[in-house]
Amino acid sequence: MLEGMFSKAKNGAKMIEEIKKNAMDAVDSTAYGFDESAKAAAQFAASGVKAGKDMENTLKGIAGVAAMTSSSFSEVADIFTTAAGKGKVQADEFNRLAYKGLNARAELAKQLKITEEEVNELAKDGKISFRMFADAMADAYGEQAKKANETFDGALSNVKASLNRIGELWYTPHRENMRRTFVEEIEMFNKLKVVLKPIIGVFRRLDRLYSNFKIRTIHKITDALTAMGKVSERLYKKNAQKG
């Protein structure tokens, strides 16, 4: 996804590597995987979030909120990416987080040193930027995902996630190599179609001739059976009259 977005951009390769690093660093030592983090990072990049500190903090905020609310990374990322696409946070995003048990309004009010009611007014007027919101969530909850290491179950989940991230170091480039292979196979099969078309045409003509022969044969058998039926009917009537 990232490759498609930045392959033609100036310094595109460098940007891709930096965003991937942000995605990996954001979920390092957490129970969340690189694939989810990278997918969210691609969406943020499309919405104008810059690679580097802004990107990493945003992703850390997602991981922290996900850990705090016992949600998946993708569920929380959907809330954040929706806000990033608008460039601002409004009542809908706050309500979705509240439904998960997180009072983001209160945390933002605390950091801005204003009341929750004032946060509501700012959100209503579209004056809470996504950056303001993402930084607040990262500051408040960014380290929560790593605190799972303080419990047995949390540490076990993080070990599993770490092993998955090791696998992704191989699997991610492998998927790209497979994609390139598939593209070449498409071209190969298109060429094969051109080569086989006249040969298949011959078989189609032979198949049509064979089918026509079968149909003619069936018609002859049907006609013969019809004639035999008429003879049989006459013989039956003749014997019936003698009886």
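What you see is a predicted model; the values in this text were computed from it and never measured.

Participant: Explanation requested: a negative patch on the surface in the structure shown.
Facilitator: Where like charges cluster on the molecular surface, the negative patch consists of Glu117, Glu118, Glu121 and Asp125. Relative to the helices and strands, glutamate 118 resides in helix α8 (residues 116–124). For glutamate 118, a relative accessible area of 40% puts it in the partly exposed group.

Participant: Please explain the pattern of salt bridges as it appears in this structure.
Facilitator: Any two side chains of opposite charge can pair if their charged atoms end up close together. The full count for this structure, using the stated rule, is ten salt bridges. We note a salt bridge from arginine 131 to aspartate 135, for which the minimum N-O separation is 3.1 Å. Of this pair, arginine 131 and aspartate 135 both sit in helix α9 (residues 130–141), separated by four residues, roughly a single helical turn. Among the residues examined, aspartate 135 registers a relative accessible area of 27% and is labelled partly exposed. Between lysine 191 and glutamate 187 there is a salt bridge whose closest N-O contact spans 3.9 Å. A residue pair is termed a helical-turn pair when its members lie 3 or 4 positions apart in one helix, as lysine 191 and glutamate 187 do in helix α10 (residues 152–242) at four residues. In the salt-bridge network here, residues are joined through shared partners; they are Asp54, Arg131 and Asp135.

Participant: Honestly, the packing of helix α5 (residues 73–86) against α9 in this entry has me stumped. Any pointers?
Facilitator: The relative placement of two packed helices comes down to the angle between their axes together with the axis-to-axis distance. Where α5 contacts α9, the two axes come as close as 9 Å, and the packing angle between them is 150 degrees. By the angle between their directions, the pair α5 and α9 is classed as roughly antiparallel. Residue-level contacts link Phe80, Ala83 and Ala84 of α5 to Phe130, Phe133 and Met137 of α9. Here the contact of α5 with α9 is composed, by residue class, of six nonpolar, no polar and no charged.

Participant: How should helix α6 (residues 91–99) be read in this particular structure?
Facilitator: For an α-helix, the turn length of 3.6 residues means that residues three or four places apart are oriented alike. Turning to α6, its buried residues are Glu93, Phe94 and Leu97. Considered in projection along α6, the buried side chains sweep an arc of 100 degrees and stay on one side of the axis. At its buried positions, α6 is contacted by α4 (53–69), α5, α7 (104–112), α8 and α9.

Participant: Hey, could you run me through α9 in this one?
Facilitator: Taking 1.5 Å per residue, twelve residues should reach 16 Å; α9 reaches 16 Å between its end C-alpha atoms and fits that length. Buried residues belonging to α9 abut α3 (34–46), α4, α5, α6 and α7.

Participant: Whenever I open this one, the side chain of serine 37 confuses me. Can you help?
Facilitator: Tracing the sequence through the fold places serine 37 in helix α3. In this view, serine 37 contacts Ala23, Ala26, Val27, Leu59 and Phe73; residues no more than four positions away in its chain are not counted.

Participant: Help me understand the side chain of glutamate 56 in this model?
Facilitator: Take glutamate 56: it is sitting in helix α4. In this structure, glutamate 56 is in contact with Asn22, Asp25 and Ala26, ignoring residues within four places of it in sequence.

Participant: Just to check I follow, could you spell out a nonpolar patch on the surface for this structure?
Facilitator: A cluster of nonpolar residues, Met188, Phe189, Leu192, Val195, Leu196, Ile199, Ile200, Val202, Phe203, Leu206 and Leu209, forms a patch on the protein surface that exposes about 1,000 Å² of accessible area. Locating phenylalanine 203 in the fold gives a position in helix α10.

Participant: Would you mind going over the packing of α3 against α4 with me for this structure?
Facilitator: One can describe the packing of α3 onto α4 by two numbers: an axis separation of 11 Å at closest approach and a directional angle of 130 degrees. The pairing of α3 with α4 is recorded here as oblique in orientation. Of the two elements, α3 crosses α4, and the hand of that crossing is right-handed. Taking contact as the criterion, the partners of Ser37, Ala40, Ala41, Phe44 and Ala45 in α3 are, on α4, Met55, Thr58, Leu59 and Ile62.

Participant: Whenever I open this one, the environment of alanine 84 confuses me. Can you help?
Facilitator: With respect to the helices and strands, the residue alanine 84 is situated in helix α5. With a relative accessible area of 6%, alanine 84 lands in the buried category. Spatially, the C-alpha atoms of alanine 84 and arginine 131 are 8.2 Å apart, while their sequence positions differ by 47 residues. Setting aside residues no more than four positions away along its own chain, alanine 84 makes contact with Phe44, Ser47 and Phe130.

Cut-off values and rules
- Residues numbered from 1 in each chain as written.
- Predicted model: local features only at pLDDT ≥ 70, side-chain atom pairs only at ≥ 80, totals over all residues.
- Heavy atoms only, no water.
- Patch = residues over 30% accessible without salt bridge, like charges linked within 9 Å, V, L, I, M, F, W, Y side chains within 5 Å.
- Areas by Shrake-Rupley, 256 points an atom, 1.4 Å probe, with all protein chains shown as cover.
- Salt bridge = Lys/Arg side-chain N within 4 Å of Asp/Glu carboxyl O.
- Lys, Arg positive; Asp, Glu negative; His and termini not counted.
- Charge placed at Lys NZ, Arg CZ, Asp CG, Glu CD.
- Helix = DSSP H or I, 4+ residues; strand = E, 2+ residues; numbered from the N terminus.
- Buried < 20%, exposed > 50% of the residue type's maximum accessible area, 1.4 Å probe, protein only.
- Axes fitted to C-alpha atoms, helices over the stretch in contact; angles between N-to-C directions.
- Parallel < 35°, antiparallel > 145°, perpendicular 65-115°, else oblique.
- Contact = heavy atoms within 4.5 Å.
- Nonpolar A, V, L, I, M, F, W, Y, C, P; charged D, E, K, R; others polar.
- Arc of directions from axis to C-beta.
- Expected span 1.5 Å × (residues − 1).
- Left-handed = near helix turned anticlockwise from the far one by under 90°.

Shape descriptors only; they carry no functional weight alone.
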